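Per-entry structural report
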Amino acid sequence: EVDNSRDSESEESEEENPAEMNMIWIFSRRFQLSVPKLASRRRVVHELLSDLLHVSNSLFSDSFFPVLEPVIGVGSACEGWSPHKEEDVVYCMFVPLKPPRGHAFHLELDTTGEMPRTSMRVRVELVCTCTGEQPDQNMLCFLHHSEELKRNQDTSLLHTLCTGPYLDGEKIALWFQTFVISAWSVVPQSHHYSLKVLPSIRSCKMKLMKASGSSLCVETIFGLQQGDSDIFLSSRPTEARVPPSTTWLESYAVAEAKFFRHVARQAPPHSCHLKCLRLCARLLQGSGLSIYALKTTVMHLLTLIPLSEWQHRYLLMRVDDIMRYLHCCLEEKRLKHFFFGNEDMPEEISLPPAFQGAQPLNLFQHLVQDPAAQIKAMQEFDEL
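Residues numbered from 1 in each chain as written. Predicted model: local features only at pLDDT ≥ 70, side-chain atom pairs only at ≥ 80, totals over all residues. Heavy atoms only, no water.

Details of helix H13 (residues 371–383)
To keep things clear, this is the line we draw: Helix and strand assignments follow DSSP, with helices taken as H or I runs no shorter than four residues and strands as E runs no shorter than two, numbered in order from the N terminus. How far a helix is expected to stretch is found by multiplying one less than its residue total by 1.5 Å. Whether a residue is buried, partly exposed or exposed follows from its accessible area with a 1.4 Å probe, protein chains only, as a fraction of its type maximum: under 20%, in between, or over 50%, in that order. Working note: the arc is built from the helix axis to C-beta atom directions. Here, residues are in contact when the closest pair of their heavy atoms is within 4.5 Å.
Here H13 spans 19 Å end to end across 13 residues, near enough to the 18 Å set by a 1.5 Å rise per residue. Looking at H13, one finds that the buried residues are Gln374, Ala377, Met378 and Phe381. Along the long axis of H13, the arc covered by the buried residues comes to 100 degrees, so they all point the same way. Seen from the buried face of H13, the exposed residues on the opposite side, beyond 90 degrees, are Ala372, Lys376 and Glu383. Buried residues along H13 sit in contact with helix H10 (315–332) and helix H12 (365–369).

In structure tokens, the structure reads:
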């Protein structure tokens, strides 16, 4: 959690340089580094999605729609450092999907796209339910009772949320949006908020509004876990790519959220790492540098600089470290992806075996290919 108490931070720093501490305080006020409602609103959103998933799993328990696993909070708001103003914060919730009875998911590399390494398709296969240690007496096998199925049982997932044999992200989003609208009156939050489902083709975006006029924005993203790892495939496209609806993109959001929880447990009280992230994100607004490049930089530095050196009194030093690191990466046109071939990865973060010895992806590869873009990025950065 982010501690917003100036008094407790100033107590620990009374012996520090008064001018420097005053500058830290001015920065904190100027860039609105504290987000008092972030943690409490995150809990509200998590409870809402958990309640909706409970209704969904009860409603669809005898059908053949995907099984919705417990929600995982991801993104800057759930990590505790959102760079946006309070009214613009979007709380992202990741919902893992599991195959229903009689179905299996198989991940296939999508070699039709421009980036096959990070693109996959999910082939849905029917599996026999006639045999096994505990055959389901209430379910007809899709493979061996085709005629009876037409009269007595819901259709398979292949005929509802797939295009051909592949799971379709757009169809899943529409299915969940329709469910949310129909189920809203059942969940307790409907007594305190009114709901508006916003247009979205690959996720479910919701706006919750109180009578007082305050509102909450939530985005539910669907994903499929790669093995037992913290790396998922995501239904949501990137800003740069809107692939076909049956293409799912590799997402590191769950692993990133887990990394920040790990840091929060290990860091000293009043650690400034989240404030550094928020401050630098505000500083970089309007430049060509992405927030993801900044976040990657901070994650690297959190493994390189001892966490004891991230106490609040060191905020200006750490901000300087972050900006210098970014500047060096721009000069060298190289910023290593955090989750590939990283020897400093915390043990509790589970990665696919292929990630361990892989050559790190270069997030600044586009600058290697476009020298003019690098010159422009350097000029924008120097102006900061």
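Next comes the rest of the account.
Some words on the state of the cysteines
Defined as follows: Cysteine sulfur atoms that pair up within 2.5 Å are treated as a disulfide.
Counting across every chain of the model gives zero disulfides. Lacking any disulfide linkage, cysteine 272 is separated from the closest cysteine sulfur, that of cysteine 276, by 3.7 Å. With no disulfide of its own, cysteine 280 lies closest to cysteine 276 among cysteine sulfurs, the gap being 6.2 Å. Among the residues examined, cysteine 280 registers a relative accessible area of 0% and is labelled buried.

Some details on the confidence of the model for the chain
Note the threshold: The score called pLDDT rates the predictor's confidence residue by residue, from a low of 0 to a high of 100.
For the chain, the average pLDDT comes to 85, and 84% of its residues sit at 70 or higher. Every residue in residues 1–14 is under pLDDT 50, and counting partners more than four places away or in other chains gives 23 contacts.

Let's talk about the packing of helix H7 (residues 253–266) against helix H9 (residues 291–304)
As a reminder, the rule being used: Every angle, taken between N-to-C directions, lies between 0 and 180 degrees, and every axis is a line fitted to C-alpha atoms, over only the stretch in contact when it is a helix. In what follows, roughly perpendicular refers to angles from 65 to 115 degrees, roughly parallel to angles under 35, roughly antiparallel to angles over 145, and oblique to any angle outside these ranges. Should the near helix be turned anticlockwise from the far one by less than a right angle, the crossing is left-handed, and should it be turned clockwise, the crossing is right-handed. Only Asp, Glu, Lys and Arg are considered charged in this grouping, and only Ala, Val, Leu, Ile, Met, Phe, Trp, Tyr, Cys and Pro are considered nonpolar; every other residue, Gly among them, is considered polar.
At a minimum axis distance of 12 Å, the contact between H7 and H9 shows a crossing angle of 40 degrees. As summarised for this structure, H7 and H9 are arranged oblique, according to the angle between their axes. Between H7 and H9 lies a crossing of left-handed hand. Listed contacts from H9 to Glu256, Phe259, Phe260 and Val263 of H7 are Tyr292, Lys295, Met299, Leu302 and Thr303. Looking at side-chain class alone, the contact of H7 with H9 contains six nonpolar, one polar and two charged residues.

Some remarks on the packing of aromatic side chains
The following threshold applies: Classification of ring pairs rests on two measures: the distance between centres of Phe, Tyr or Trp rings, Trp counted by its six-membered ring, which must be within 6.5 Å, and the angle between planes, read as stacked under 30 degrees, edge-to-face over 60 and tilted in between.
Scanning all chains against the criterion turns up 14 aromatic pairs. Where phenylalanine 176 meets phenylalanine 179, the ring centres are 5.7 Å apart and the plane angle is 50 degrees; that geometry is what we call tilted. Within this pair, phenylalanine 176 and its partner phenylalanine 179 are both found in helix H6 (residues 169–183), separated by three residues, close to a single helical turn. With respect to class, phenylalanine 176 is no different from phenylalanine 179; both count as buried.

Overview of the nonpolar core
Under the convention used in this document: Think of a nonpolar core as a cluster: buried Ala, Val, Leu, Ile, Met, Phe, Trp, Tyr and Cys residues, connected wherever their side-chain atoms sit within 4.5 Å. Residue ranges assigned to the domains are those given by an automatic or database domain assignment.
Ranked by internal contacts, the top residues of the largest apolar core, which has 49 residues, are Phe259, Leu294, Leu302, Trp310, Leu330, Phe339 and Phe364. Those elements that provide at least two residues to this core are helix H2 (18–30), H7, helix H8 (273–283), H9, H10 and H13. The element contributing the most residues to this core is H10, with seven residues. For this core, the domains that each give at least three residues are domain 1 (20–251) and domain 2 (267–383). In contact with leucine 294, not counting residues within four places along its chain, are Leu277, Cys280, Ala281, Leu284, Ile322 and Leu326. Formed by 44 residues, the second largest nonpolar core is a distinct cluster that contains Leu52, Phe60, Ala77 and Phe176.

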